Amino acid sequence: MRVHQAYRYALDPVPAQEFGLLSHGGAARFAFNWALHRVKAAWSQREAEQSYGVAAELLTEVPWSLYALRRLWNAAKDTVAPWWGENSKEAYNSGLETLARALRNWADSRTGKRKGRKVGFPRFKPKHRTTPACRFTTGTIRVEADRHHVTLPRLGTIRTCESTRKLARHLERGTGRILSATVRLEGGRWFVSFTCEIDHAESAPARPGAVVGADLGVKALAVLSTGQVIDNPKHHRTALKRLRRLNKQLARRTGPRTPEGGRREPSARWRKTKAALGKTHARVAWQRRDGLHQLTTKLAATYGTVVVEDLNVSGMLANRRLARVVADVGMGEVRRQLTYKTGWSGGRLLAADRWYPSSKTCSGCGVVKAKLPLSERTYSCVACGLVLDRDLNAARNLAALVADVAQSRGETLNARRGAVGPGIRAGHAPVKREPRQRGTPLRQRGGSLVLTDKH
């Protein structure tokens, strides 16, 4: 199975190399801002010509695609950036590509081709509020044989803080190929991400026939239908005391804004505190990402079928009382990682419908409660007398969905379509099931399961 996979390593550059990395990031930002200015100028000229009644074929053409932006840059780079030869051409192409993608996303969002929240028109990138980053697609991009250095165009050979043996083994065996490399400054440290095409050997989970339901929450990171409880480490809450202290310290020091709203040069201590604050936020993100990777890898490698809920995470973040703790869990990231990891391990991922009452349904008899407030952490069934933890009850209901589908149709066609496994392209979102009570008849419509009237 051939997939696209990224390998990310922390870099340990010397001062001269760090200056080169910052220069490439600044070059990408400069090309982005210059091209955006040209796009806006051409757009304004075109609108003015339309107001004068100029024929459509004579209107000024707005550079929109990457090809058009690159052609403009190559024609004007000697004039607008005579120092462009100090950096790799990929730095400027990286900024132009970012702008072309932003313009396409904005246009698709306006026409309805892009789902989700509306995307705004691209804005200029200020120097001190933009993360330096650059993407290389051509030139010398390789992992050195000592597995502790990488080579990038114009930047040379840079030492890594960790071994690159996992990627190096694929390259040595011929089962991997580097497509691109992206350098990025995050939390005061430089990272390089290699996007590779990897030949994954066909594999199977340790328990191919096992089904597990995972109920994500705030009190516990996840409660499995097996009864296992994955504790929520609450990394952000642990770092909250330090974050508050650094924010107060930052407010007391001379920043880039005057009390009247004007600009000024920030003090050295303000910059030092700002860097410490960013490093603390980055550390929280790294800890959360590592914990989620461990959880999703274990689930995908152990169970043949993993069932989760299609949660409205953006809706929960709108609740000011839950936003902080919900964001600290990373529920959407769990779903994203399970989507591709179950495919790599030969398993499948199912997603229950957003309105499926997993918490209100009794896992013993299937009776659904009308109301179940969040304050009730123990589920008590008035019909069969079942009493157990609320999250464990929800996880068992999620796992039972697979058996319900199999009994109603003989084989889980909906599960196969909603899975990411052999024969299914990785990255497809699982198909949702409509909420129903147990025993409700089902019928097929367009390859999915829908409710039917008993009469």
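Residues numbered from 1 in each chain as written. Predicted model: local features only at pLDDT ≥ 70, side-chain atom pairs only at ≥ 80, totals over all residues. Heavy atoms only, no water.

### Quick look at the sheet that holds strand β4 (residues 149–152)
Hydrogen bonds between backbone groups are what pair the strands of a sheet, and the pairing can be parallel or antiparallel.
Then comes step 1: The strand order across the open sheet formed by three strands is β3-β4-β5, and the pairing between neighbours is antiparallel. Because the sheet does not close on itself, it has two edges, and the strands there are β3 (142–143) and β5 (156–159).
Then comes step 2: Note that β3 and β4 share two bridges and pair antiparallel. In the sheet register, Arg142 faces β4, and the bridge partner there is Thr151. (Pairing = 2+ DSSP bridges. Helix = DSSP H or I, 4+ residues; strand = E, 2+ residues; numbered from the N terminus.)

### Description of a positive patch on the surface
Then comes step 1: A cluster of basic residues, Arg123, Arg129, Arg257, Arg263 and Lys274, forms a positive patch on the protein surface.
Then comes step 2: Within the secondary structure layout, Lys274 lies in helix α6 (residues 268–302). (Patch = residues over 30% accessible without salt bridge, like charges linked within 9 Å, V, L, I, M, F, W, Y side chains within 5 Å. Areas by Shrake-Rupley, 256 points an atom, 1.4 Å probe, with all protein chains shown as cover. Salt bridge = Lys/Arg side-chain N within 4 Å of Asp/Glu carboxyl O. Lys, Arg positive; Asp, Glu negative; His and termini not counted. Charge placed at Lys NZ, Arg CZ, Asp CG, Glu CD.)

### Structural notes on the confidence of the model for the protein chain
Then comes step 1: Here the protein chain averages 86 in pLDDT, and 89% of its residues register 70 or above.
Then comes step 2: Counted against residues more than four places away or in other chains, residues 408–455, with its pLDDT under 50, gives 94 contacts. (pLDDT = per-residue confidence, 0-100. Contact = heavy atoms within 4.5 Å.)

### What about the packing of helix α1 (residues 15–51) against helix α3 (residues 89–111)?
Then comes step 1: Viewed as axis vectors pointing N to C, α1 and α3 meet at an angle of 45 degrees, and their least axial separation amounts to 7 Å. The orientation of α1 relative to α3 falls into the category oblique. Where α1 crosses over α3, the handedness of that crossing is right-handed. Residues His24, Ala27, Ala28, Ala31, Phe32, Ala35, Leu36, Val39 and Trp43 of α1 lie in contact with α3, whose contacting residues are Ala91, Tyr92, Ser94, Gly95, Leu96, Thr98, Leu99, Leu103 and Trp106. (Axes fitted to C-alpha atoms, helices over the stretch in contact; angles between N-to-C directions. Parallel < 35°, antiparallel > 145°, perpendicular 65-115°, else oblique. Left-handed = near helix turned anticlockwise from the far one by under 90°.)

### So, the sheet that holds strand β7 (residues 189–199)
Then comes step 1: Reading across from one edge, β1-β7-β6-β2 is the order of the four strands in this open sheet, with antiparallel pairing throughout. Each edge of the open sheet carries a strand with a single partner, namely β1 (2–10) and β2 (133–136). When the angles between neighbouring strand axes are averaged without regard to direction, this sheet yields 15 degrees.
Then comes step 2: Note that β2 and strand β6 (residues 176–186) share four bridges and pair antiparallel. In the sheet register, Ala133 faces β6, and the bridge partner there is Arg184.

### A short note on the nonpolar core
In summary, soluble globular proteins display a tendency toward joint burial of nonpolar side chains.
Then comes step 1: Core analysis: the largest hydrophobic core is formed by 41 residues, its most contacted members being Leu152, Leu167, Val183, Val192 and Phe194.
Then comes step 2: For this core, the leading source of residues is α1, giving nine residues.
Then comes step 3: Those residues within four positions of Val192 in sequence are excluded, and the remaining contacts are Tyr7, Arg8, Tyr9, Leu11, Leu152, Ala181, Thr182 and Val183.
Then comes step 4: Counting residues in hydrophobic clusters, the runner-up holds 19 residues, among them Leu221, Val306, Met331 and Val334. (Core = buried A, V, L, I, M, F, W, Y, C linked by side-chain atoms within 4.5 Å. Buried < 20%, exposed > 50% of the residue type's maximum accessible area, 1.4 Å probe, protein only.)

### Digging into the pattern of salt bridges
Should their charged atoms come close, side chains of opposite charge can pair.
Then comes step 1: Counted according to the given criterion, the structure contains 14 salt bridges.
Then comes step 2: Residue Arg335 is joined to Asp310 by a salt bridge in which the shortest nitrogen-to-oxygen separation is 3.3 Å. Taken as a pair, Arg335 in helix α9 (residues 331–344) and Asp310 in the loop between β11 (303–309) and α7 (313–317) lie far apart in primary sequence, 25 residues in all.
Then comes step 3: Classification of Arg335 as buried rests on a relative accessible area of 18%.
Then comes step 4: Take Asp310: its relative accessible area is 8%, and that puts it in the buried class.
Then comes step 5: Salt-bridge contacts for Asp310 lead to Arg354; the nearest nitrogen and oxygen are separated by 3.8 Å. Within this pair, whereas Asp310 is found in the loop between β11 and α7, its partner Arg354 is found in the loop between β12 (348–352) and β13 (378–380), the two being separated by 44 residues in sequence.
Then comes step 6: What emerges from the salt-bridge pattern is a single network uniting Arg2, Arg177, Glu197 and Asp199.

### Some remarks on helix α5 (residues 235–252)
Then comes step 1: Across its 18 residues, α5 extends 26 Å between first and last C-alpha, which sits within 8% of the 26 Å expected from 1.5 Å per residue.
Then comes step 2: At Lys241, α5 is deflected by roughly 40 degrees, the largest bend along its length.
Then comes step 3: Among all positions of α5, only His235, His236, Ala239, Leu240, Leu243, Leu246, Gln249 and Leu250 are buried.
Then comes step 4: Buried residues in α5 make contact with α6 and α8 (323–329). (Expected span 1.5 Å × (residues − 1). Bend = angle between axes of the 7 residues up to and from the residue.)

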